[in-house]
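# Structural features, examined
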Amino acid sequence: MEYLQIEKNASPYTVKYYLNDLETFGQFLNGEAIEDLSDVDHRTVRVLLTSLYDRKLSRRTVSRLISSMRSFYRFLEREGKVTNNPFLQVTLPKATKPIPGFMYKEELEKLFEVNDMSDPLGQRNQALLETLYATGIRVSECQGLLLQDIDFTIGTMLIRGKGRKERYVLFGRFSEIALETYLNDGRKTLLEKSNAATNAVFLNAKGNPLTVRGMRLILTKMVEKASLTIHVHPHKLRHTFATHMLNEGADLRTVQELLGHESLSSTQIYTHVTKDQLRKVYMKAHPRANN
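Residues numbered from 1 in each chain as written. Predicted model: local features only at pLDDT ≥ 70, side-chain atom pairs only at ≥ 80, totals over all residues. Heavy atoms only, no water.

## Thoughts on helix 4 (residues 59-78)
Compared with an ideal rise of 1.5 Å per residue, which puts 20 residues at 28 Å, helix 4 spans 29 Å between its outermost C-alpha atoms and is within 8% of the ideal. Turning to helix 4, its buried residues are V62, L65, I66, S68, M69, R70, S71, F72, Y73 and L76. Residues of helix 4 that are buried sit in contact with helix 2 (12-31) and helix 3 (42-54). Residue G80 follows helix 4 closely and has a positive phi angle near 75 degrees. (Helix = DSSP H or I, 4+ residues; strand = E, 2+ residues; numbered from the N terminus. Expected span 1.5 Å × (residues − 1). Buried < 20%, exposed > 50% of the residue type's maximum accessible area, 1.4 Å probe, protein only. Contact = heavy atoms within 4.5 Å.)

Quick look at the structure:
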């Protein structure tokens, strides 16, 4: 855990999944009566894979577990606990990445109209919605946003992403108005209900920092108010941000930077286009599409 947290700068979620995978591996070793980690070889790994598939686990889950074990044995090699890594040569077919869900502009407009801007919680909800859509930040990054991270003079936010990596994101006029309204009015009202001072941007009804779970609940209630039949979670707004940016002509590298993706391949899943966009490009580009 110390290695993951300190040296690898792994997020709490990553550490949690690694520990779950280690527990699964430990249970397997007990079942196979293997007491020493150095006794694991490529034959043991094959038996492990068979047992995982027999449990009907998804290819993605199996791949993650093997990746966790590969990293674990790399760590053990470094510490001198084992002399070889039995997971090093294991290759798994890559699972196809599903196209991420996103919202159409008409659906978003309905969401932006449901909040009561005369109410402190309504102002907070509007600011939260505008921030998530304007920046494409992760809900965990939004939850960790502090007052001093927002620079209204140049329209940027300092975001602390995965692995403690920092980046700046931009926000536009709509989110600026929503944030200023909330910070100058609603947030002050909410803060009065708490005895503790906090620099967290988004507060709950008791004046304490809003949790990730609370943010998800707020979005769910917004959808209900807007009478939408879709399921909206914070990450869907991140998908929507990326899809809309690319559909409107933003280049992949720019979107990668804004999203905080380490690899360009992570951003490429957003290069899908809607039927409307296909038609728009076709009608504009094909010489004989229009009279």
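After that view of the structure, there is still more to cover.
## Section: the pairing of strand 3 (residues 166-170)
Here strand 3 shows one buried face, formed by R167 and V169, and one open face, formed by E166, Y168 and L170. Two elements, strand 2 (residues 156-160) and strand 3, share five bridges in a ladder whose sense is antiparallel. By the bridge assignment, I159 is partnered in strand 3 with R167. Counting the residues that bridge the hairpin from strand 2 to strand 3 gives five residues, and of these G163 lies at a positive phi of roughly 65 degrees. (Pairing = 2+ DSSP bridges.)

## Some remarks on the sheet that holds strand 2
Taken in spatial order, the three strands line up as 1-2-3 in an open sheet, and their pairing is antiparallel. Strands with a single pairing partner mark the edges of an open sheet, and in this sheet they are strand 1 (150-151) and strand 3. Pairing of strand 1 with strand 2 involves two bridges; the strand directions are antiparallel. By the bridge assignment for strand 2, I150 is matched with M157.

## A look at the packing of aromatic side chains
Counted under the stated rule, the structure contains nine aromatic pairs. Ring centres of F25 and Y73 lie 6.3 Å apart, and the angle between their planes is 80 degrees; this geometry places the pair in the edge-to-face category. With a gap of 48 residues between them, F25 in helix 2 and Y73 in helix 4 connect regions that are remote in the sequence. As far as burial versus exposure is concerned, F25 and Y73 are alike and both buried. (Phe/Tyr/Trp six-rings, centres within 6.5 Å; stacked < 30°, edge-to-face > 60°.)

## Observations regarding the nonpolar core
With 38 residues, the main nonpolar core has L111, L128, M157, Y182, V201 and F202 as its most contacted residues. Within the residue set of this core, elements represented by two or more residues are helix 5 (105-112), helix 6 (120-135), helix 7 (139-143), strand 2, helix 8 (173-191) and helix 9 (212-225). The leading source of residues in this core is helix 9, at six residues. Leave out the neighbours within four places in its chain, and L111 touches M103, L129, M222, V223, A226 and L228. (Core = buried A, V, L, I, M, F, W, Y, C linked by side-chain atoms within 4.5 Å.)

## Remarks on the pattern of salt bridges
Counted according to the given criterion, the structure contains nine salt bridges. A salt bridge links R78 to E7, with the nearest nitrogen and oxygen atoms 2.8 Å apart. Of this pair, R78 sits in helix 4 while E7 sits in helix 1 (residues 2-7), and the two are 71 residues apart along the sequence. For R78, a relative accessible area of 48% corresponds to the partly exposed category. R160 is paired through a salt bridge with D149; the nearest N and O atoms lie 2.7 Å apart. In this pair, R160 sits in strand 2 while D149 sits in the loop between helix 7 and strand 1, placing the two residues eleven residues apart along the sequence. Here the salt bridges share partners, and the residues they tie into one network are E7, R78 and E79. (Salt bridge = Lys/Arg side-chain N within 4 Å of Asp/Glu carboxyl O.)

## Thoughts on the environment of G207
With respect to the helices, strands and loops of the structure, G207 is situated in the loop between helix 8 and helix 9. Overall, the relative accessible area of 0% leaves G207 in the buried class. A C-alpha to C-alpha distance of 24 Å links G207 and K225, two positions 18 residues apart in sequence. Once you skip the residues sitting within four places of it in the chain, G207 turns out to touch L190, L191, S194 and T198.

## So, the layout of surface pockets
For the second largest pocket, the calculated volume is near 400 Å³. Around the second largest pocket, the lining is made up of 15 residues, and of these F112, E130, Y133, A134 and F174 lie nearest the centre. Among the elements of the structure, helix 5, helix 6, helix 8 and helix 10 (234-247) are those that each provide at least two residues to the lining of the second largest pocket. When its residues are assigned to classes, the lining of the second largest pocket shows seven nonpolar, three polar and five charged. (1 Å grid on protein atoms, 1.4 Å probe; cavity = no way out; pocket = protein on both sides within 12 Å on 5 of 7 lines; lining within 4 Å. Points joined across faces, edges and corners; volume = space filled by probe spheres on them. Nonpolar A, V, L, I, M, F, W, Y, C, P; charged D, E, K, R; others polar.)

## Some points on the environment of I137
Relative to the helices and strands, I137 resides in the loop between helix 6 and helix 7. With sequence-adjacent residues up to four places away left out, I137 is seen in contact with T131, L132, C142, I159, R167, V169 and R238.

## Here's the deal with unusual backbone geometry
The phi dihedral of A33 is positive, around 60 degrees, even though this residue is not glycine. Checked against the element boundaries, A33 lands in the loop between helix 2 and helix 3. Judged by relative accessible area, A33 falls into the exposed class, the value being 65%. The phi dihedral of K56 falls on the positive side, at around 65 degrees, and the residue is not glycine. Take K56: its relative accessible area is 75%, and that puts it in the exposed class.

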